[in-house]
Amino acid sequence: MPEVIIVKNEAEAGEIYARAVADLIKSKPDAVLGLATGSSPLAAYQALAKTVKDEDIDMSRVRGFALDEYIGLPLSHPESYHSTIHRTVVEPLGMNPDLVHVPGDVLDGAPLEDGDKLAHAGADYDAAIEAAGGIDVQILGIGTDGHVGFNEPGSSLASGTRIKTLVEQTRVDNARFFDDDIDQVPTHCITQGIGTIMRARHLVLLAFGAGKAEAVAQTCEGGVSAFCPASALQMHPHATIIVDEAAASSLRHKEYYQYAYTHKPAWQGI
Ligand code: GLP
């Protein structure tokens, strides 16, 4: 199962992610980062931006692939994941925007009915990731129902990038970004599949707050099941879950995870 690291707060989680990614970029200046939207990764991006500045790290060759995008939103829409990734990651980190890809980039708001554009977009995206040599570190959040990217419960654990239908709860959760109006939240998305995510060499999942406790417990200690897509991480050779006390509160082996991390030799990193 993934290594579980329990931290005081999001800032501490951010520093752990930033250290690992900064060291990666120093040794591989054209590293490929897997990027995610949502509130959970924000402190990690901020910490990485600070480390990049403090340690004068060259970001100009670092490449990026985002997890997902809504169908039907123009790229210029402030809540498109294209806009969000560029605002929260590309600009603060000083990445070259031409080297950062979001699955909807080629669709540019094309409607669900536009099969000519949509039918091959997922396979093309997976091929682009592979052509880049694969993702080195994929950052992940988690939905309250255990979704990662937009892989809702029931998603194939072997899936590639494809068009999916959002569940009602995800649209309710995300209505806060659309004037609290669920009717403005798109019904469909394009998302890296669980199989795509599992091919990244290192997965770092961040979860904070009591609302994520059940999803975190199912992910780490429940059975591997398409009904908790994040539980696929149990099958990944290098996955790290960083949580605060509230998100860790339903873990049965919480004390053991804390003990193991406290006694881990520094040279192992995460
Ligand atoms: C959305 C995104 C996910 C994200 C989830 C949780 O559904 N597609 O990638 O993990 O929200 O978001 P947050 O981190 O804001 O709780």
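Named according to an unreviewed UniProt entry, the protein chain is Glucosamine-6-phosphate deaminase originating from Bifidobacterium lemurum. Taken directly from UniProt, the Function (unreviewed entry) text for the protein chain runs: "Catalyzes the reversible isomerization-deamination of glucosamine 6-phosphate (GlcN6P) to form fructose 6-phosphate (Fru6P) and ammonium ion." Quoted verbatim from the Catalytic activity (unreviewed entry) heading of the UniProt record, the comment on the protein chain is "alpha-D-glucosamine 6-phosphate + H2O = beta-D-fructose 6-phosphate + NH4(+)".

Attention now moves to the UniProt feature "domain: Glucosamine/galactosamine-6-phosphate isomerase" (unreviewed entry) in the protein chain. Feature annotation in UniProt places "domain: Glucosamine/galactosamine-6-phosphate isomerase" (unreviewed entry) on residues 12–236, given in this structure's numbering. Along residues 12–236 the backbone is 35% helical and 14% strand, and the end-to-end C-alpha distance reaches 24 Å.

This paragraph deals with helix α1 (residues 10–27). Along an α-helix, residues three or four positions apart point the same way, because every turn accommodates 3.6 residues. Under the 1.5 Å per step criterion, the end-to-end length of α1 is 26 Å for 18 residues, consistent within 8% with the ideal 26 Å. Listed as buried for α1 are Ala-13, Gly-14, Ile-16, Tyr-17, Ala-18, Val-21, Ala-22, Leu-24 and Ile-25. Measuring from the backbone nitrogen of Ala-11 back to the side-chain oxygen at the start of α1 gives 3.3 Å, which picks out Asn-9 as the cap.

The alternating pattern of strand β8 (residues 188–191) places His-188 and Ile-190 and Cys-189 and Thr-191 on opposite faces, both of which are buried. In this structure, strand β4 (residues 68–70) lies alongside β8, joined through three bridges in antiparallel fashion. Along β8, the bridge assignment pairs Glu-69 with Ile-190.

Read across the open sheet, the three strands follow the order β4-β8-β7; overall the sheet is antiparallel. Looking at strand neighbours, the two that pair on one side only are β4 and β7 (162–165), the edges of this open sheet. Recorded for the sheet is a direction-independent mean angle of 30° between the axes of neighbouring strands. When β7 meets β8, the two strands line up antiparallel, connected through four bridges. The residue bridging Lys-164 from the neighbouring strand is Cys-189, located in β8.

On to the packing of aromatic side chains, then. Each pair of aromatic rings is reported with the distance of its centres and the angle of its planes. Across all of its chains, the model carries six aromatic pairs by this definition. Centroid distance Phe-65 to Tyr-125: 5.7 Å. Interplanar angle 80°. Geometry classified as edge-to-face. A residue pair is termed long-range when its members are at least 10 positions apart, and Phe-65 in strand β3 (residues 63–66) and Tyr-125 in helix α5 (residues 121–131) qualify at 60 residues. Pairing Tyr-81 with Phe-150 gives two aromatic rings, centres 5.7 Å apart and planes at 15°, and the pair type is stacked. Here Phe-150 lies in the loop between β6 (137–140) and β7 and Tyr-81 lies in helix α3 (residues 81–93), a separation of 69 residues in the sequence.

Take the UniProt feature "active site" (unreviewed entry) in the protein chain next. Annotation from UniProt places "active site" (unreviewed entry) at Asp-68, Asp-145, His-147 and Glu-152. Once residues within four sequence positions are removed from consideration, Asp-145 is found in contact with Glu-152, Pro-153, Val-167, Thr-170, Phe-227 and Pro-229. Along the polypeptide, His-147 turns up in the loop between β6 and β7. Look at His-147 and you get buried, because its relative accessible area is 9%.

Nonpolar side chains tend toward joint burial in soluble globular proteins. Membership of the largest hydrophobic core comes to 79 residues, with the highest contact counts inside it found for Tyr-17, Leu-205 and Val-243. Sort the elements by how many residues they give to this core and α1 lands first, with eight residues. Those residues in contact with Val-243 that sit more than four places away from it in its chain are Val-4, Ile-5, Ile-6, Val-7, Ala-207, Val-216 and Ala-248. Counting six residues, the second largest nonpolar core, distinct from the first, contains Ile-71, Leu-118, Ala-121 and Ile-190.

Here is what the cut-offs are and how they apply
Per chain, residue numbering runs from 1 following the sequence as it is written. For this predicted model, a pLDDT threshold of at least 70 governs which residues receive local features, and a threshold of 80 or more governs which side-chain atom pairs are given and counted, while totals over whole chains, interfaces and linings are taken from all residues. Neither water nor hydrogens contribute to the side-chain values; these are computed over all heavy atoms in the structure. UniProt positions are given in the numbering used here, feature names are shortened, and annotations may be inferred rather than shown by experiment. Secondary structure elements follow DSSP: runs of H or I of four or more residues count as helices, runs of E of two or more count as strands, with numbering from the N terminus. Expected helix span is computed as 1.5 Å times (number of residues minus one). When a residue's accessible area, from a 1.4 Å probe over protein chains only, is under 20% of the maximum for its type it is buried; when over 50% it is exposed; and in between it is partly exposed. Here a polar contact means two N or O atoms within 3.5 Å. Within protein one must be a hydrogen donor candidate and the other an acceptor candidate, and residues neighboring in sequence count only if both atoms are side-chain atoms. Pairing between strands is defined by DSSP: at least two bridges between the two strands are required. Angular values range over 0 to 180 degrees, each being the angle between N-to-C directions of two axes fitted as lines to C-alpha atoms, with helices fitted over their stretch in contact. Only Phe, Tyr and Trp rings take part, Trp by its six-membered ring, and two of them pair if their centres are within 6.5 Å. Stacked means planes under 30 degrees apart, edge-to-face means over 60, and tilted covers everything else. Here, two residues are considered to be in contact whenever any of their heavy atoms come within 4.5 Å of each other. By nonpolar core is meant a set of buried Ala, Val, Leu, Ile, Met, Phe, Trp, Tyr and Cys residues that side-chain atoms within 4.5 Å join together.

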